[in-house]
Amino acid sequence: MAAVAASAGWLLRLRAAGADGPWRRLCGAGLPRGFLQSASAYGAAAQRRQVAHFTFQPDPEPVEYGQTQKMNLFQAVTSALDNSLAKDPTAVIFGEDVAFGGVFRCTVGLRDKYGKDRVFNTPLCEQGIVGFGIGIAVTGATAIAEIQFADYIFPAFDQIVNEAAKYRYRSGDLFNCGSLTIRSPWGCVGHGALYHSQSPEAFFAHCPGIKVVVPRSPFQAKGLLLSCIEDKNPCIFFEPKILYRAAVEQVPVEPYNIPLSQAEVIREGSDVTLVAWGTQVHVIREVAAMAQEKLGVSCEVIDLRTILPWDVDTVCKSVIKTGRLLVSHEAPLTGGFASEISSTVQMKGLKHKEV
Amino acid sequence: MAVAAAAARVWRPSRGLGRAGLPLLRLLGARGLARSHTHRWQQQRHFSSLDDKPQFPGASAEFIDKLEFIQPNVISGIPIYRVMDRQGQIINPSEDPHLPQEKVLKFYKSMTLLNTMDRILYESQRQGRISFYMTNYGEEGTHVGSAAALDDTDLVFGQYREAGVLMYRDYPLELFMAQCYGNVSDLGKGRQMPVHYGCRERHFVTISSPLATQIPQAVGAAYAAKRANANRVVICYFGEGAASEGDAHAGFNFAATLECPIIFFCRNNGYAISTPTSEQYRGDGIAARGPGYGILSIRVDGNDVFAVYNATKEARRRAVAENQPFLIEAMTYRIGHHSTSDDSSAYRSVDEVNYWDKQDHPISRLRHHLQSRGWWDDEQEKAWRKQSRKKVMEAFEQAERKLKPNPNLIFSDVYQEMPAQLRKQQESLARHLQTYGEHYPLDHFEKQVPPNTLRSQAVLEACSARLLHWAGSLVSPFSTLSYTVFSQGLGEGTSGTGHP
C-alpha cells in the first residue's frame, strides 16, 4: 500500500517536474516501472556525467584559400579525403567499417561517390590493414588506411616500424611506401577509459622513417592530412576524437596544404613557452589566458603539429627568448614525447649559453 | 479495460506498478503495448519460404541433428601433384608441359649456377670474407619452376630463400655478390645483411628479415594491380614456418575477401631453423588452410620443376582472369643448414639429409630428364660445371676488391628528403671521423667527403635523389610506363568510370 502510494506520488512529482517525457519513452520500451528513475529524482547530490573540460577555440576564418564552409573535424577529414580521391585516381581508402561512413563518420558519402573498389571495408585485422596499405603504396598507388582507434594500432606496430619506416632505407631507395597514410582517432574523449583514449605518438616518435602528425582543429586537420597524403614518406595522422564534433570552424572547401614539420606559434609571449599538440592545445591556450589575467605572466603558446620529425628550431628559438619551457600532453609522463622535447631543448640551450 | 488488464497480466510488471499501473496502462492503451510488441518483432526479416532452413548471414549450410566434430585429415592429406618420378621420367604424358629445349636448359643452368654460387658464398662466410649467408640447397626447383611460369613483370615478394627466382630473371652474379659483400655496387647501398636482395628492374621487392611481413603487402600490391588493370599477378613466397605468423593469416583473409590476383607460394621444406613441421602445425600443412579462407589450393612436389611450373602457370592464368588468390604448397626439403649461423646436425640426422641430397634432388631429377631426352650429357655437364664455377669465381674476386659505400649513406633514404635532425647527425659523424678517423678502417670505404663541403654534398645528394625518384617513378613495379599512365582504366581521360 505504502509502496503504491509512494510510487504514485513520485510519478506525480515527475510529471510536475516535466520529466515524464523520457519516462514515457522508457515505459513505451516495456521496461518495468521503477527500474530506471530519472537522474533528477536523486536531487542535488546527483552526479552529472563529467566530460573533459576544455573549450575548443576556433582560429579566425582563413582568407587565402578561397571559399570556406562551416565544418567540424570529421567533416574536415571527409573533405580532405574527398579532395584526395578526386585529384588522385590511384587513391583508395580502407579499414574497418569505412564503407558505410566510418564509426566517426569520416568517410560518409565517399563510397557512393568514388566506388566500392576505392572505399572499402577490410577484415578486422590491423596488421593486415597496414601491411595491405604498404603493398598498395609499394606499387606507387596512394593508400589511406584507417585504424579504428589509436589504441588498436599495436598489432600493426611491426608493419609500421619494421617495414613501412624502413622500406626506402633498406632497399637503397629501390622501393618505398611513401604514398601510405594511416589515419586514426586519438586521445581522450571522456568516457573512453583504457582502450578508446590512448595517445601513442611517443612509441612512433622513436621510429625514423615515418612522420607523425596531430592537428588541433578542423582547418589544421584538413591541411595537414592533405600534406600527409601527398608526402612521399609513410605518415601517421592522429585525429583527436573529442574534437570530431566539438571543434567547428570555417574550413576551405578546396584543397590546401599545411606544411609538415613546422610548429606554429599561436600566441606570442615573453615569459614562458608552452608546447602542446592536439586537444591539449586548447587547454594550454586557456592556461595562457588565465596566467596573463591572474599572474601577469606572458605565455608563448606553440602547437607542435608534427611530432616526427619535429620542429626543433621553432621551439628552441622560443625558449631562448623566454628562458622557460612547459610541455603538456595527454600520454603517460614517463617516456612521453615531452621528454624528447625537453632534453633536446636543454642540450641546445646549454650550447646556446656556451656561445 | 479488460484488454488492459489482460495485458498487465502478460507483462507482469514489477510490484511497484500495482494498482497505479492500470490507469497507466489505460493511458498507453492496449494498442500502445501491442504496437511495441510488433515494433520489436518487425525488426526481424520476413521469410517468404516456410522451409526450416538456416537464415544466418554468417554461413551457407544445412542443418544437421547429429552431433559430430569434423575430423582434420592428417593421415591422408591433400595429395601431392607431380609430373616426373624421382628418376625424371614423365608419369602422365598429358601433364608434360612440352617446354622447348632452350627453356628447360635455362631451368637447369639457373638451378646449377645458383648451387655453385651458394657453395662459394657459403665457403666465403666460413672464411670470414662475408658476414652471413643462406644457401638454397634442395629448393632450387621451387624457385625456378615458379619463376619460369610467371611474366617477367609479375611482382615478386620473397622471404629469403628465393634467390633462384632472381637467378632465373638473370640478376647478374656481380649484384648478388655486391649485396653479400655490401660493396659500392650494391643497389641496396650496403645497408642490409647478405641475401637481402632486391631489384626494381626485375620486379623483385627487397627482402626484409622479419618473417611473413611480405604476405599482406603482396596482397595490397595485387589489389593495386587489379585496380590498374595491369594484367599482372603478384607472387608471394614464404616458408611453412612463416605461415604460422599472424601476418600470413591476415594476408590470406584479405586476398580472399578483396579478390586479389595473387599466388601464395609456400615452400614447405620441413624445418624452420630447428623446428620440424610436427612442432609448427598439427593440421594438414599449409594447403589445407586455403579452403578455410575460401582460397583455391594445391600441394605440389617442390622437387619436380615441371610440377611447380604447371601449377604456377595455371594459378597465374586463373588469378589474373578471375581476380582471386591461389595457394600453392610446394613440398621440398632444406638440404643445407638454416644459415651460416646454424649447424643442423644438432637437430637432424646426416642420413636424413643425405637421402634428399642423393635420392630426391630437383637438380638431379631434371638432369636425368634432360639426359633421357638427349638434351644433356656428361660432357656438357663437365663443361658447364667448369664454366659456371669460373663465372662465379670471377664475380666473387671482383666483389671482394671493391670498396664499401660512403658512411654518409647511413643517413640518406631514411626519408625521401633528409630532415634537419638527421643532417645534424650526419655532420656530427663527419666531425667525429675527422678527429678519430685513424680508429676506423676508412680505407675500405669510398672516400669520406670533407665536412665543409658536406652541406653541398647533401644538397647534391638530395637533388640526385629527387631526380632518381622522378626517373624511378617512370619505372613502376608493373611496367615500364608510370603507374598513372598505365592505369588508363581509372577514368583519367579515357572511357567510363573505370571500375573493374
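Our subject is the structure listed above.
Quick caveat: nothing in here was measured; it's all calculated off a predicted structure. (Residues numbered from 1 in each chain as written. Chains lettered and ligands numbered in written order. Predicted model: local features only at pLDDT ≥ 70, side-chain atom pairs only at ≥ 80, totals over all residues. Heavy atoms only, no water.)

J.: Explanation requested: the overall build of chain A in the structure shown.
T.: Of regular secondary structure, chain A possesses 13 helices and 13 strands. The burial tally for chain A puts 56% of its 355 residues in the buried class. Long-range pairs, those at least 24 residues apart, make up 81% of the contacts in chain A between residues at least 6 apart in sequence. Accessible area for chain A stands at about 15,200 Å²; split by element, carbon and sulfur atoms hold 57% of it. (Helix = DSSP H or I, 4+ residues; strand = E, 2+ residues; numbered from the N terminus. Buried < 20%, exposed > 50% of the residue type's maximum accessible area, 1.4 Å probe, protein only. Contact = heavy atoms within 4.5 Å. Areas by Shrake-Rupley, 256 points an atom, 1.4 Å probe, with all protein chains shown as cover.)

J.: Can you help me understand the packing of aromatic side chains in this one?
T.: Given two aromatic rings, their pairing is described by the distance between the two centres and the angle made by the two planes. In total, this model carries 34 aromatic pairs over all chains according to the counting rule given. Between Tyr181(B) and Phe396(B), the ring centres sit 6.0 Å apart and the planes meet at 65 degrees, which makes this aromatic pair edge-to-face. With a gap of 215 residues between them, Tyr181(B) in helix H6 (residues 173-181) and Phe396(B) in helix H13 (residues 378-401) connect regions that are remote in the sequence. Per residue, the accessibility class of Tyr181(B) equals that of Phe396(B), and both read buried. Grouped by ring-pair contacts, the aromatic residues Phe94(A), Phe120(A), Phe132(A), Tyr223(B) and Phe254(B) constitute a single cluster. The cationic tip of Arg170(A) hangs over the ring face of Tyr167(A); the distance from NZ or CZ to the ring centre is 4.5 Å. Geometry around Tyr168(B) places Lys106(B) over its ring, the cationic atom sitting 4.6 Å from the centre. (Phe/Tyr/Trp six-rings, centres within 6.5 Å; stacked < 30°, edge-to-face > 60°. Lys NZ or Arg CZ within 6 Å of the ring centre and 35° of its normal.)

J.: For this particular structure, what's the right way to read the sheet that holds strand S13 (residues 325-327) of chain A?
T.: Strands belonging to one sheet form pairs held by backbone hydrogen bonds; the direction of such a pair is parallel or antiparallel. Residue and element names in this part refer to chain A. Across the sheet, which stays open at both edges, the four strands sit in the order S9-S11-S10-S13 with mixed pairing between neighbours. If you trace the sheet from one side to the other, it starts and ends with strand S9 (264-267) and S13, each paired once. Across the sheet, the mean angle from the axis of one strand to that of its neighbour is 30 degrees, orientation sign disregarded. Sheet analysis places strand S10 (residues 272-276) next to S13, joined by three bridges and oriented parallel. Each residue of the ladder has a partner; that of Thr273, found in S13, is Leu325. (Pairing = 2+ DSSP bridges. Axes fitted to C-alpha atoms, helices over the stretch in contact; angles between N-to-C directions.)

J.: Before we go on, may I ask you to explain the packing of helix H3 (residues 73-87) of chain A against helix H9 (residues 218-230) of chain A in this structure?
T.: A pair of packed helices is characterised by two quantities: the angle between their axes and the separation of those axes. All names here are of chain A. Axis separation between H3 and H9 bottoms out at 8 Å; the angle between their running directions is 30 degrees. As the angle between them shows, H3 and H9 are arranged roughly parallel. Every pair of crossing elements has a handedness; the one defined by H3 and H9 is right-handed. Counting all contacts with H3, which are made through Leu73, Ala76, Val77, Ser79, Ala80, Leu81, Asn83, Ser84 and Lys87, the residues of H9 involved are Pro218, Ala221, Lys222, Leu225, Leu226, Ile229 and Glu230. (Parallel < 35°, antiparallel > 145°, perpendicular 65-115°, else oblique. Left-handed = near helix turned anticlockwise from the far one by under 90°.)

J.: Teacher, can you tell me more about the sheet that holds strand S5 (residues 180-186) of chain A here?
T.: All names here are of chain A. Spatial ordering of the open sheet is given by S3-S2-S4-S5-S7-S6-S12, a layout of seven strands whose pairing is mixed. At either margin of the open sheet sits one strand with a lone partner, and together these are strand S3 (119-121) and strand S12 (306-308). Neighbour to neighbour, the strand axes of the sheet diverge by 20 degrees on average, direction disregarded. With respect to the sheet, helix H5 (residues 126-138) is in contact with strand S2 (92-95), S3, strand S4 (143-146) and S5, its orientation differing from that of S2 by roughly 165 degrees.

J.: Whenever I open this one, the environment of Val108(A) confuses me. Can you help?
T.: Residues and elements named next belong to chain A. Relative to the helices and strands, Val108 resides in the loop between S2 and helix H4 (110-114). Residues Val108 and Leu333 lie 225 residues apart in sequence; the distance between their C-alpha atoms is 36 Å. Every residue in contact with Val108, bar those within four places of it in the chain, is listed here: Thr78 and Gly101.

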